[in-house]
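Structural features, examined
What follows is the residue order along each chain.
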Amino acid sequence: MLKGKARAHTNIALIKYWGKEDEQLIIPNNSSLSLTLDAFYTETEIVFDKNFTEDIFYLDDQLQDEKATKKVSRFIDLFRQQANCSFFATIRSINHVPTAAGLASSASGLAALAGACNQALQLNLDQESLSRFARKGSGSACRSIYGGFVEWQKGHDDQSSKAVKIASDHFEDELAMIFIVLNDQKKEIASRDGMKRTVETSSFYPTWLTEAALDLAAMKEAIAQKDFIRLGEITEANALKMHATTLAAVPPFTYWSSESMRAMQVVRTIRANGLACYFTMDAGPNVKVLCQKAEVEQIKAKLAEHFALEQLIVAFSGPGIE
Ligand code: ADP
Ligand code: DP6
Ligand code: CO
């Protein structure tokens, strides 16, 4: 019996990953940059045993169906191959984050699974290699191997496409992210399907790629200079550009709900009244508000004038895989 256990935190991209160059290996079309968060995470335990006759996957204590189990099995196959092991496995995973709601469960989920496999099969992969493995489960998962600010360098093949930690002299410790949870149910269009449709059909997509590269370079400068205003401006603008691409897809779609629009407007108003805060959104209707730790309580109080306290979750910079 071989056993491994890992915990990985979610990350939210400030420069979004949106679109794949290689769908099998998950090589992205653009590099991205994220902040790993302390409030949301996944804990996964895996046991390999020669007497098991199939892979079994429990998520939040629920036995998963064939489709969900197959997805996980294919990912674990990568580790079985590497370790030359043919044992089946039982996986138990707990998401301390809503699943498939645009709150980055695939990032923490697949990173935790990668970490658990690495330990169980005694592969002793270093963080960079682990990031490459996690990438093949879900692109955003490669960034959850590290804490704080992380860059996923798109690279051009399996070896070169990996996440690295960004030196930031603890700038991330001055930041906070307030999640406005508008809907924690499973989204209609998975990130994977949404970005695929966008790459294949959106006339705005080529522009996205040009802009994402410029935004990434500018954001790295803002981090080096610890310039929060610049960081926030780029974050918000980059998210808007990503979401614009979906409107030009065929057929068009959006992850925004009327509640998302309202939340974005509330953030703009709070900012106009003198508190520095900026929003970002992922493949789902929820809105995340980037601000400075020193002002987080004030901003949360302002948000609480429009949203229930249960909808507001404060997160700070979180650790890498444990
Ligand atoms: P999200 O916004 O939550 O990242 P995605 O559409 O990107 O949504 O990914 C959701 C998918 O990620 C799930 O349907 C499931 O396949 C996978 N996933 C989420 N959590 C886990 C986990 N703990 N273990 C394995 N796979 C997971
Ligand atoms: C909008 O990593 O969830 O959140 O690689 O297909 O599993 P797959 O998709 P995923 O996509 C995340 C998209 C995003 C932006 C980001 O996190 O960078
Ligand atoms: Co995801």
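Residues numbered from 1 in each chain as written. Chains lettered and ligands numbered in written order. Predicted model: local features only at pLDDT ≥ 70, side-chain atom pairs only at ≥ 80, totals over all residues. Heavy atoms only, no water.

**Topic: the packing of aromatic side chains**
One pass over the structure, following the stated rule, counts eight aromatic pairs. For the pair Phe 228 and Tyr 278, a centre-to-centre distance of 5.9 Å together with 65 degrees between the ring planes defines the contact as edge-to-face. Separated by 50 residues along the polypeptide, Phe 228 in helix H6 (residues 228-247) and Tyr 278 in strand S11 (residues 277-281) bring together distant segments of the chain. The exposure classification of Phe 228 matches that of Tyr 278, with both residues buried. With a centroid separation of 5.6 Å and an interplanar angle of 85 degrees, the aromatic rings of Phe 253 and Tyr 255 are classed as edge-to-face. Accessibility classification places Phe 253 together with Tyr 255 in one group, the buried group. Following the ring pairs from residue to residue traces out a cluster consisting of Trp 18, Phe 253 and Tyr 255. A cation over an aromatic ring shows up here: Lys 293 above the ring of Phe 316, its NZ or CZ 5.1 Å from the ring centre. (Phe/Tyr/Trp six-rings, centres within 6.5 Å; stacked < 30°, edge-to-face > 60°. Helix = DSSP H or I, 4+ residues; strand = E, 2+ residues; numbered from the N terminus. Buried < 20%, exposed > 50% of the residue type's maximum accessible area, 1.4 Å probe, protein only. Lys NZ or Arg CZ within 6 Å of the ring centre and 35° of its normal.)

**A closer look at the site of ligand 2**
In the vicinity of ligand 2 lie 17 residues, with Tyr 17, Lys 20, Ser 138, Gly 139 and Ser 140 positioned nearest. Arg 192 has a polar side-chain atom sitting 2.7 Å from an oxygen atom of ligand 2. Between an oxygen atom of ligand 2 and a side-chain N or O atom of Asp 282, the distance comes to 3.1 Å. For ligand 2, whose unbound accessible area comes to 460 Å², protein coverage reaches 93%. Here the shell around ligand 2 gathers at least three residues from each of two domains, domain 1 (2-165) and domain 2 (179-316). (Near = heavy atom within 4 Å. Polar contact = N/O pair within 3.5 Å; in protein donor to acceptor, adjacent residues only side chain to side chain. Areas by Shrake-Rupley, 256 points an atom, 1.4 Å probe, with all protein chains shown as cover. Domains from an automatic or database assignment.)

**Regarding the UniProt feature "domain: Diphosphomevalonate decarboxylase-like N-terminal" (unreviewed entry) in the chain**
As annotated in UniProt, the feature "domain: Diphosphomevalonate decarboxylase-like N-terminal" (unreviewed entry) corresponds to residues 8-163 in the numbering used here. With 28% helix and 34% strand, the stretch residues 8-163 has end C-alpha atoms that lie 15 Å from each other. (UniProt positions renumbered as here; feature names shortened; annotations may be inferred.)

**Brief notes about the sheet that holds strand S13 (residues 312-316)**
Pairing is antiparallel across the open sheet formed by four strands, whose spatial order is S11-S12-S10-S13. Looking at which strands have only one partner, the edges of the open sheet turn out to be S11 and S13. Ignoring which end each strand starts from, the neighbouring axes of this sheet average 25 degrees apart. With six bridges joining them, strand S10 (residues 175-180) and strand S12 (residues 287-292) adopt antiparallel strand pairing. Note that in S12 the partner of Ile 180 across the bridge is Val 287. Sheet contacts for H6: S10, S11 and S12; angle to S11, the most-contacted strand, approximately 30 degrees. Set on the sheet, helix H7 (residues 258-272) makes contact with S10, S11 and S12; between it and S11 the angle comes to about 160 degrees. (Pairing = 2+ DSSP bridges. Axes fitted to C-alpha atoms, helices over the stretch in contact; angles between N-to-C directions. Contact = heavy atoms within 4.5 Å.)

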